[in-house]
Structures are given as C-alpha cells and as structure tokens.
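Single-letter residue listing:
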Amino acid sequence: MKGRLLPLGVIPARADSTRFPLKVLANISGKPLIQHVWEAAMRSTALGEVVIATDSPKVAEVAKGFGATCVMTSSDCPSGSDRVAEVAQQRESSIVVNLQGDEPLLSPLSIDQLVRSLEAEPELGMATLAVLKQSPSELVDPNIVKVVFTQTGRAMYFSRQPLAWNAEGSFYKHIGIYAYRRETLLKLCEWEPSVLERRERLEQLRALEHGVPIKVIPVEADTIAVDVPGDIARVESYLSGKFLSSSFSEDGSKR
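S.K.: Explain the packing of helix H3 (residues 80-88) against helix H6 (residues 182-190) to me, please; I cannot follow it from the model alone.
M.R.: Helix packing for two helices is described by the angle between their axes and how far apart those axes are. Interhelical geometry of H3 versus H6 gives an angle of 130° and a closest axis separation of 9 Å. Classified by the angle their axes make, H3 and H6 are oblique. The interaxial crossing formed by H3 with H6 has left-handed handedness. Where H3 approaches H6, its residues Ser81, Asp82, Val84, Ala85 and Ala88 are matched on the opposing element by Arg182, Leu185, Leu186 and Cys189. Partitioned by chemical class, the residues of the contact of H3 with H6 number six nonpolar, one polar and two charged.

Here it is as structure tokens:
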C-alpha cells in the first residue's frame, strides 16, 4: 500500500503553456500526455504516492477520469518546482520527486534509480538524471540541456549550449526529473532566481549558485520531451515501434 511517508512523486501540469497551450492534455496514441507520465510514475516501486498538481479544472477533471490523485495549486506559481513545493508543504514525505508533465516516455526504472540514489546519500539535497548521447543535432539544440559532472557524480554545470563533448561528439543530455529533500525544495523556492538561472533559463542553476550539491545519475533510458506539437509524432512513432533512430526497449531502457 502506498504510504504517506514514502517518497512523493508530483507531476506539475500547467495548462497555460506559451508554446503549446494545454500541452498536457494533447492526445498521444489515444491517451492524454499527462496520463502517460502518470502511468510511468505509478509503475515506479520507489514512490509512495503520485499526485498531479495543476491550476486547471479541465486538467484536474481529465486526471481524475483516468484515476489519478489531483491537487489544485495556485495559478500564481512561477514554475513547476513552485507547484511541486506547494504540494510538498501539504505532505510529510522527506523526499519529493518532480516528474515533468511533458516526459511521456519516462522509465519507471529511472525513477527508481533517482530515488534510491538520493536515499543512499543523506548529505545530498537533490539528484537528477542524465543519459550519454552521440547526436550532433542534439548537441547544438538549445532545447536539449547538457550537463557536466565530477567523477563522483556532482553536477558542475548545466547549459543549453554544447558542453564538454569528446571527439566522437558524445555528451551527457540532462533529463529534467529531480528528487529533492523536502527541506531543500522548499528552500530553493524561497530564493530569488539567480543570475545564471536567468541567463540559461534553467532553474537547477539556482541550486548550484547557492552551493546546493546536485547528484547526477547516469541512466540508459533516454526520453523524448514534448515541447512543441511536432514532438507528438516522434513519441507516437516510438510507441508504435517505428522510432528507428532510437534503441529503446519496452520498459524504456536501451537494448
């Protein structure tokens, strides 16, 4: 049975997306995008509770229709992290996982790895995921965030620009899923956006600028984030087994 004090998974689902309004309700292979994310989270063995956090009655109605627990949050939340923090304030879980609502191919195994890694290192405030890539087009794509980290897995920097690729073009792509200590998440949301955060448009840089260590967990399972309507076709191609440029297996891990 899902327990209150086990890690809490929160899927922030904002309806008013600038580039893609009502993105979380976009139909992907017969299901709304948000349902794909929720189903992956529910298959995780590490989470005690999974909730969808939204400011939209329409999103809440759809979410409740497929069986999700839904929490209404303020429409004034400036970011997904703030929406997750609003839910965390109402719960007692010591670990809170921010599950992006636009990652329909997120692997439950990756969620488990993320949570277990944070549990294993009590001194850490937060952790996130990365996957090794060898794609020249993604290397220069500003929508693909890159990360570099130390030999012990501590994040050094995140950027939308190419970072530390080798001669073969390999680099680490950041997968924007985070596990936080509850107190770390609440503190981060109290701080003002930092200089580098505003420059790169990446919230995690706020943590680095304030000296919060971030553990980066390399995983094998890549994802396809839905940022614009054209990304839906890529996700559906994968789901139908036609995404030839990938080597995903059914559980979301690479073959």
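The rest of the description comes next.
S.K.: Which parts of the structure should I look at to understand the side chain of Ser170?
M.R.: Topologically, Ser170 is positioned in strand E10 (residues 170-181). Apart from the residues lying within four places of it in its own chain, the contact partners of Ser170 are Leu132, Lys133, Gln134, Ala164 and Trp165.

S.K.: Please clarify how the packing of aromatic side chains should be interpreted in this entry.
M.R.: How two aromatic rings sit relative to each other is set out by the distance from centre to centre and by the angle between their planes. The full count for this structure, using the stated rule, is three aromatic pairs. Plain terms: the ring middles of Trp38 and Phe66 are 5.3 Å apart, the flat faces sit at 50° to each other, and that makes the pair tilted. In this pair, Trp38 is assigned in helix H1 (residues 33-42) and Phe66 in the loop between helix H2 (57-65) and strand E5 (69-72), connecting sequence segments 28 residues apart. The burial state of Trp38 is the same as that of Phe66; both residues are buried. Measuring from centroid to centroid gives 4.9 Å for Phe149 and Tyr172, while their planes differ by 65°, and the two rings are edge-to-face. Taken as a pair, Phe149 in strand E8 (residues 146-149) and Tyr172 in strand E10 lie far apart in primary sequence, 23 residues in all.

S.K.: Sorry, what's going on with the pairing of E5 here?
M.R.: Along any regular strand, the residues point their side chains to alternate faces of the sheet. Two elements, strand E4 (residues 49-54) and E5, share four bridges in a ladder whose sense is parallel. Of the residues in E5, the one forming a bridge with Ala53 is Val71. As for the winding sense of the linkage, the β-α-β connection from E4 through H2 to E5 is right-handed.

Rules used in this analysis
- Residues numbered from 1 in each chain as written.
- Predicted model: local features only at pLDDT ≥ 70, side-chain atom pairs only at ≥ 80, totals over all residues.
- Heavy atoms only, no water.
- Axes fitted to C-alpha atoms, helices over the stretch in contact; angles between N-to-C directions.
- Helix = DSSP H or I, 4+ residues; strand = E, 2+ residues; numbered from the N terminus.
- Parallel < 35°, antiparallel > 145°, perpendicular 65-115°, else oblique.
- Left-handed = near helix turned anticlockwise from the far one by under 90°.
- Contact = heavy atoms within 4.5 Å.
- Nonpolar A, V, L, I, M, F, W, Y, C, P; charged D, E, K, R; others polar.
- Phe/Tyr/Trp six-rings, centres within 6.5 Å; stacked < 30°, edge-to-face > 60°.
- Buried < 20%, exposed > 50% of the residue type's maximum accessible area, 1.4 Å probe, protein only.
- Pairing = 2+ DSSP bridges.
- Right-handed = clockwise from strand over helix to strand, strands pointing away.

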